[in-house]
Amino acid sequence: MLRKVLYIDLSKEESWVEEKQELFENWMGGTGVGISLLQEECPPGTDPLSPRAPVILSIGPLNGIFPVATKTVATFKSPLTGELGESYAGGRLSLALRFAGHEAVVIRGQASQPSYISINDSEVKIKDATSIWGIDAQTTGVILRDRESGVGKRSIIRIGPAGEARVRYAGVVVDTYRHFGRLGLGAVFGSKRLKAMVISGTETIDVPDVKRYKEIYNRLYKTTVQTDVMEKYHDIGTSVNIATLNWLKGLPTKNFLLSSFPDGEKISGEVFANNQLIRRLSCAGCPIGCVHIASLKTAFSKHHEFEVRKVSYDYEPIYSLGSNLGVGSAEGVLQLIDVCERQGLDVMSAGVILSWATEALEKGLITSKETKDVKLQWNNVEGYTKALENIVKAPNEFYAALAQGADYAAQKYGGMEYAMTLGGNEVSGYHTGPASIVGQLVGVRHSHLDNAGYAVDQKAIKKQMDAEMMVDEIIKEDNSRGVFNSLVGCLFARGVYTEENIIDSLGAVGICKTKEDLQELGRRIFEEKYKFKVQEGFDLTHARVPKRFYETISAAGVVAPETVEEMLKIYRKKRGWS
Ligand code: SF4
């Protein structure tokens, strides 16, 4: 397999391909290749919204070849945190890149006018997007589907008005229902005047030993569909966690003022499944179908008929725009998700920022002058809808501050102790105990998906674990996910891809790795990422934990600051950091 990187320079309107066998041999693919290219392309101190800042999209050796290896990783400098930006998306993108023959794409520069990139196998064109600039993310997809007559496997990724306005947590919508959601890739696209990318490919893939390949494919496929490893993702989906975490007192509610939501039953996964769910979809190459789509009936406009919109939902949006804003109806949550989808905002950051603003208004740090008379009150869906639109339009200093993230807004107006961020990133929906806090703080992208600290907490509730044991689990996950994210698999399929299955599937595409090689690779990838973070100013010894985490009871009881401090100390020692 020839392993190539496609370079696109928007300023010079040029593109070219480089063979990079050594890069892929050293770093496998996906996140390993992504961080290595970011080190090469992004000089220290680069403004993330300047033409000098690159965007790197990369896939791994298993994408398009084995089941549930469906993700693409975007690596960039985050305009939200000012350090490592890393975000994963499914949909059809990895398949389209594979069949177009590009394992990585590096985008440099800034277009002179709104543009989109069209990649069709080796043909790359930079096209005028003036007529679709300003249009919402969903409609942009519809227009490009008609305009671009790509053949083969095709994927369309695009930003909405939030990315164009450079909202620091704007995302990129991938094939309608998937996203590069976190850490502001949409703003980076906006800064490059890059509205969208349309990728299609018709190449074929050769494997060295077809018989062996089929054997391993069938083994992985059977584990995926005939065991219970991935069952929960298809049935109710991740939103099944709403009821569980609510019961455990781990469901962040009203900006973490509470950890269980009295109206939790009204927004549970079961309620969505019974009343709102209309279909399930899959990323290309996945037999599971965990993408849950609901119908939302809304008034088309005043005095007009209704329209029915299709909105995808998951656990995290239901937490961030539901319990965390005190929204106690499935329709209300779907309406807010739909606004974020159209604007192209990251739902998690948006919800956490609105919850900070609601509390800041309650406490008198801001007034109706700042909110422009928008009533930011728990469960006020109309108020939150208006506020989300205002964040993108930035009609005054207050909304412009909200567009910069919760940390920025709290530094300006106060309320830092309840600005719920870790490492500058708005937190995910788990108040499960100390491992969730530490996991997000030390994780390379400050996400619950870096090392699943929330799962360590839940293990520790069932079986006594001391601080050191919890830290060991976090480090183990951090490293092993670096490998899995280089392949690049869907994290829901971790149970399918055991170490043995990873080694066998790599062998089937001609890559020989031992268990030790993989462990070493995981460690190296983590270190490279931390090098980048530190170079850009991240300092774990000064990382802030919002006081609110210590005030509200979690699933593991009240978290003591001393426990978190002790875990961080152990963590630094085990990583060999002074
Ligand atoms: S489990 Fe869900 S997110 Fe993962 S690849 Fe399948 S459909 Fe996509």
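These figures come from a predicted structure and were not determined experimentally.

Partitioning the protein chain into domains gives domain 1 (4-201), domain 2 (230-417) and domain 3 (432-494 + 514-575). Between the C-alpha centres of domain 1 and domain 2 there is a distance of 26 Å. The interface is formed by 31 residues belonging to domain 1 together with 26 residues belonging to domain 2. Of all elements in the fold, only α4 (137-147) and α5 (161-164) reach the threshold of two or more residues within the side of domain 1 that touches domain 2. The element best represented in the side of domain 1 that touches domain 2 is α5, accounting for three residues.

Moving on, we come to the site of the ligand. Of all residues adjacent to the ligand, which total 13 residues, the nearest are Thr70, Cys283, Cys286, Cys290 and Cys490. Classifying every residue of the shell around the ligand gives nine nonpolar, four polar and no charged. Two domains each donate at least three residues to the shell around the ligand, and these are domain 1 (4-201) and domain 2 (230-417).

With that settled, the discussion passes to helix α3 (residues 93-100). For α3, the tally of buried residues reaches eight of eight residues, placing the bulk of the element in the interior. For α3, the complete set of buried residues consists of Leu93, Ser94, Leu95, Ala96, Leu97, Arg98, Phe99 and Ala100. Downstream of α3 by a residue or two, Gly101 has a phi angle that is positive, lying close to 90°.

If you trace the six strands from one edge of the open sheet to the other, you get β2-β1-β6-β3-β4-β5, paired in mixed fashion. If you trace the sheet from one side to the other, it starts and ends with β2 (14-19) and β5 (84-89), each paired once. Strand after strand, the sheet turns through a mean of 15° between neighbouring axes, direction not considered. Across six bridges, the pairing between strand β4 (residues 72-77) and β5 is antiparallel. Residue pairing across strands places Ala74 opposite Ser87, the latter belonging to β5.

Let us look at the nonpolar core. The biggest cluster of nonpolar side chains holds 178 residues, and the ones touching the most others in it are Val167, Trp356 and Val438. The element best represented in this core is helix α13 (residues 347-362), accounting for nine residues. Setting aside residues no more than four positions away along its own chain, Trp356 makes contact with Asn255, Ala406, Ala409, Ala410, Gly415, Tyr418, Ala419 and Met420.

Bringing the sheet that holds strand β7 (residues 115-120) into the picture now. Reading across the sheet, the six strands line up as β8-β7-β12-β9-β10-β11 and stay open at both edges, with mixed pairing between neighbours. This sheet does not close on itself; its edge strands, each paired only once, are β8 (123-128) and β11 (178-180). The sheet shows a mean angle of 20° between the axes of neighbouring strands, direction not considered. Where strand β9 (residues 153-158) meets strand β10 (residues 172-174), two bridges bridge the pair, whose relative direction is antiparallel. Bridge pairing in β10 links Arg158 to Val173. Docked against the sheet, α3 engages β7, β9, β10 and β12 (194-201), running at close to 60° with respect to β12. Against the sheet, α4 makes contact with β9, β10 and β12, and its axis sits at roughly 145° relative to β9, the strand it touches most.

You can see Pro208 is positioned in the loop between β12 and α7 (210-226). We classify Pro208 as exposed; it has 12 C-beta atoms within 10 Å. When the C-alpha positions of Pro208 and Val509 are compared, they lie 6.3 Å apart, and in sequence the two are 301 residues distant.

Below, the discussion takes up the packing of helix α20 (residues 467-484) against helix α22 (residues 515-535). The contact between α20 and α22 brings their axes to 8 Å, and the two run at 100°. As far as their axial angle goes, α22 and α20 are roughly perpendicular. Side by side, α20 and α22 meet where Asp478, Asn479, Ser480, Gly482 and Val483 of the first sit next to Leu518, Gln519, Leu521, Gly522, Arg523, Ile525 and Phe526 of the second. Tallied by class, the residues present in the contact of α20 with α22 amount to five nonpolar, five polar and two charged.

Once that is clear, we can look at helix α2 (residues 30-41). Given 3.6 residues per helical turn, the α-helix brings residues three or four places apart onto the same face. Compared with an ideal rise of 1.5 Å per residue, which puts 12 residues at 16 Å, α2 spans 16 Å between its outermost C-alpha atoms and is within 8% of the ideal. The buried fraction of α2 amounts to 10 of the 12 residues, a majority that puts the element mostly inside the structure. Those residues of α2 that sit buried are Gly30, Thr31, Gly32, Val33, Gly34, Ile35, Ser36, Leu37, Leu38 and Glu41.

What counts as what
- Residues numbered from 1 in each chain as written.
- Predicted model: local features only at pLDDT ≥ 70, side-chain atom pairs only at ≥ 80, totals over all residues.
- Domains from an automatic or database assignment.
- Contact = placed C-beta atoms within 7 Å.
- Helix = DSSP H or I, 4+ residues; strand = E, 2+ residues; numbered from the N terminus.
- Near = placed C-beta within 6 Å.
- Nonpolar A, V, L, I, M, F, W, Y, C, P; charged D, E, K, R; others polar.
- Buried ≥ 20, exposed ≤ 12 C-beta atoms within 10 Å, placed from the backbone.
- Pairing = 2+ DSSP bridges.
- Axes fitted to C-alpha atoms, helices over the stretch in contact; angles between N-to-C directions.
- Core = buried A, V, L, I, M, F, W, Y, C linked by C-beta atoms within 7 Å.
- Parallel < 35°, antiparallel > 145°, perpendicular 65-115°, else oblique.
- Expected span 1.5 Å × (residues − 1).

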